[in-house]
Structure formats: C-alpha cells, structure tokens
Amino acid sequence: MARLKQGTVKTRDRLLKAAIEVFSTEGFVGATTREIARVAGVNEVTLFRYFPSKEQLLGAVAQHITALKAEALAHQEEWTQDLRRDLLHYATLHDKMLEEYEALIRMFIGEAQRHPQEALQVLQQSFLPLREQLIAYLRNCIERGSVRPDVDLPLAVDQFTGMLLAGMVRRHVVPIIRGYSRAQYVEGCVDLFVRGVSTAD
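Description of the structure in this document. (Residues numbered from 1 in each chain as written. Predicted model: local features only at pLDDT ≥ 70, side-chain atom pairs only at ≥ 80, totals over all residues. Heavy atoms only, no water.)

**Thoughts on the overall build of the protein**
In step 1: Within the protein, the regular secondary structure consists of 10 helices and zero strands.
In step 2: Along the protein, from the amino end to the carboxyl end, the secondary structure elements read α-α-α-α-α-α-α-α-α-α.
In step 3: A total of 201 residues make up the protein; the buried ones form 39% of that total.
In step 4: Counting only contacts in the protein whose residues sit at least 6 apart along the sequence, the fraction spanning at least 24 positions is 73%. (Helix = DSSP H or I, 4+ residues; strand = E, 2+ residues; numbered from the N terminus. Buried < 20%, exposed > 50% of the residue type's maximum accessible area, 1.4 Å probe, protein only. Contact = heavy atoms within 4.5 Å.)

Below, the structure written as structure tokens:
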C-alpha cells in the first residue's frame, strides 16, 4: 500500500513538473494535456485520473509554486513578531518563488487577457489565500501596535508584492547592471514598506 501511494505521489509530481514546463513554453491556451502527458512520460488517460481538466491542473501548479510561502504563513504564531524580520523572511520566500518559476509567472502575466475565465478563477483561488494571510499578519501587527491603524492593508500588501514582482520582471526583461544586488533590492522593498506602515519613528 505504501509503495502504491509513493508511486501515486511520484506520478503526480511528474505531471506537475511537466505542466510547469509546457505552460511556461506554450502558455495556458497553447498547452495541451496530450503534450503535458507526453513530457511526463504517461498517457493522457493517466493525466485525467489525477487532474480531470486543464484548469484543475493549472490550479495544482499554482498551489505547487506557492507551497513554500503557504507553509511559512500557515504558522504565524512561530514568527518573531519583529515586523522587519518577518517581512524580510516573507519577501525572501516570495522572491525565491518568483525567480524559480519566472518563465511560468511571466506567461501568466503575458497571457492574462487570453486566459479563459475558468483559468483566471483557478489562479485567483490559488493566490488569494496567501494575500489574505499576509493581511491577517499585518492586522495582528496593528493590534500589537507595530503597524499604523490607518493603513489600507489590502492596498499595502498589493503594493509590497507588486514591488517584488517588478524586481523579478526587471531582472529578466532588462538585464542590465543597476548597481545593487537582488538581495539588496528585496531588503530595500522591505525597508521602504516598513517605513510606510510602521508606527516606529
């Protein structure tokens, strides 16, 4: 039974890895389940046993690439409650995710207008919980007195993650020397954000 379960996990992982590769090169609209199954080394029937539709496969891919951040945010009681340190940890994980799946994320952005409505809903359902968890953390910071109560938290979170996304896109679309490292950029985003929301002078 354990061996069967292990084989199931391995097949699912192969399908996700293949989907990431094919979505990254062909886009969501151009990718076919037949090609994804071929790259994974299984037949299309096997793919549909794990993922009944391409939209469900896309949702599994989105959850896969956000898993590291989701795990970190799931245990907020273990965070240091030091605003800058916690946000730097979050931003570092976020930047790692963006970098590792750069081609796929740029595909999501570039193809946004062409995605079927079902695919957009799947992506939204996968990424929104992360946004809500960070908002919840900052709301707790307001209660502890480290974040100003007048901060519009959804707006602030979108601005923060938008800065990190812009940094990744800039690195790959216009790869010129800018006089600072990737780590310095991430730290700069955190410092700018913290100065904007913190109650500290």
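**Quick word on the nonpolar core**
In step 1: Phe23, Leu83, Leu87, Leu104 and Phe160 are the most contacted members of the largest nonpolar core, which totals 54 residues.
In step 2: Excluding its chain neighbours within four sequence positions, the residues that come into contact with Leu104 are Ile20, Phe23, Ser24, Val61 and Ile65. (Core = buried A, V, L, I, M, F, W, Y, C linked by side-chain atoms within 4.5 Å.)

**Quick look at the environment of Val45**
In step 1: Topologically, Val45 is positioned in helix α3 (residues 44-50).
In step 2: Taking the C-alpha atoms as reference points, Val45 and Thr33, 12 residues apart in sequence, are found 9.7 Å from one another.

**Re unusual backbone geometry**
In step 1: A positive phi is found at Gln81, a non-glycine position, where the angle reads about 70°.
In step 2: You can see Gln81 is positioned in the loop between α5 (67-74) and α6 (83-100).
In step 3: Assessed through its relative accessible area of 31%, Gln81 is described here as partly exposed.

**Focus on the packing of helix α9 (residues 153-173) against helix α10 (residues 182-197)**
In step 1: Taken N-terminus to C-terminus, the directions of α9 and α10 make an angle of 160°; their axes are 10 Å apart at the nearest point. With respect to each other, α9 and α10 are oriented roughly antiparallel. Of the two possible hands of crossing, α9 and α10 adopt the one that is right-handed. Where α9 approaches α10, its residues Ala156, Phe160, Met163, Leu164, Ala166, Gly167, Arg170 and Arg171 are matched on the opposing element by Arg182, Tyr185, Val186, Cys189, Val190, Leu192, Phe193 and Val197.
In step 2: Counted by class, the contact of α9 with α10 contains 12 nonpolar, one polar and three charged residues. (Axes fitted to C-alpha atoms, helices over the stretch in contact; angles between N-to-C directions. Parallel < 35°, antiparallel > 145°, perpendicular 65-115°, else oblique. Left-handed = near helix turned anticlockwise from the far one by under 90°. Nonpolar A, V, L, I, M, F, W, Y, C, P; charged D, E, K, R; others polar.)

**Section: α9**
In step 1: With 21 residues, α9 should cover 30 Å at 1.5 Å per step; its first-to-last C-alpha distance of 30 Å lies within 8% of that length.
In step 2: Its side-chain oxygen 3.3 Å from the backbone nitrogen of Leu155, Asp152 forms the N-cap of α9. (Expected span 1.5 Å × (residues − 1). Polar contact = N/O pair within 3.5 Å; in protein donor to acceptor, adjacent residues only side chain to side chain.)

**With respect to the pattern of salt bridges**
In step 1: A full pass over the atoms with the stated rule returns 11 salt bridges.
In step 2: When the shortest N-O distance is used, the salt bridge between Asp95 and Arg171 registers 3.0 Å. Here Asp95 is found in helix α6, whereas its partner Arg171 is found in helix α9, with 76 residues between them in sequence.
In step 3: You can call Arg171 partly exposed: its relative accessible area is 23%.
In step 4: Salt bridges sharing partners connect three or more residues here, namely Asp95, Glu99, Arg171 and Arg182. (Salt bridge = Lys/Arg side-chain N within 4 Å of Asp/Glu carboxyl O.)

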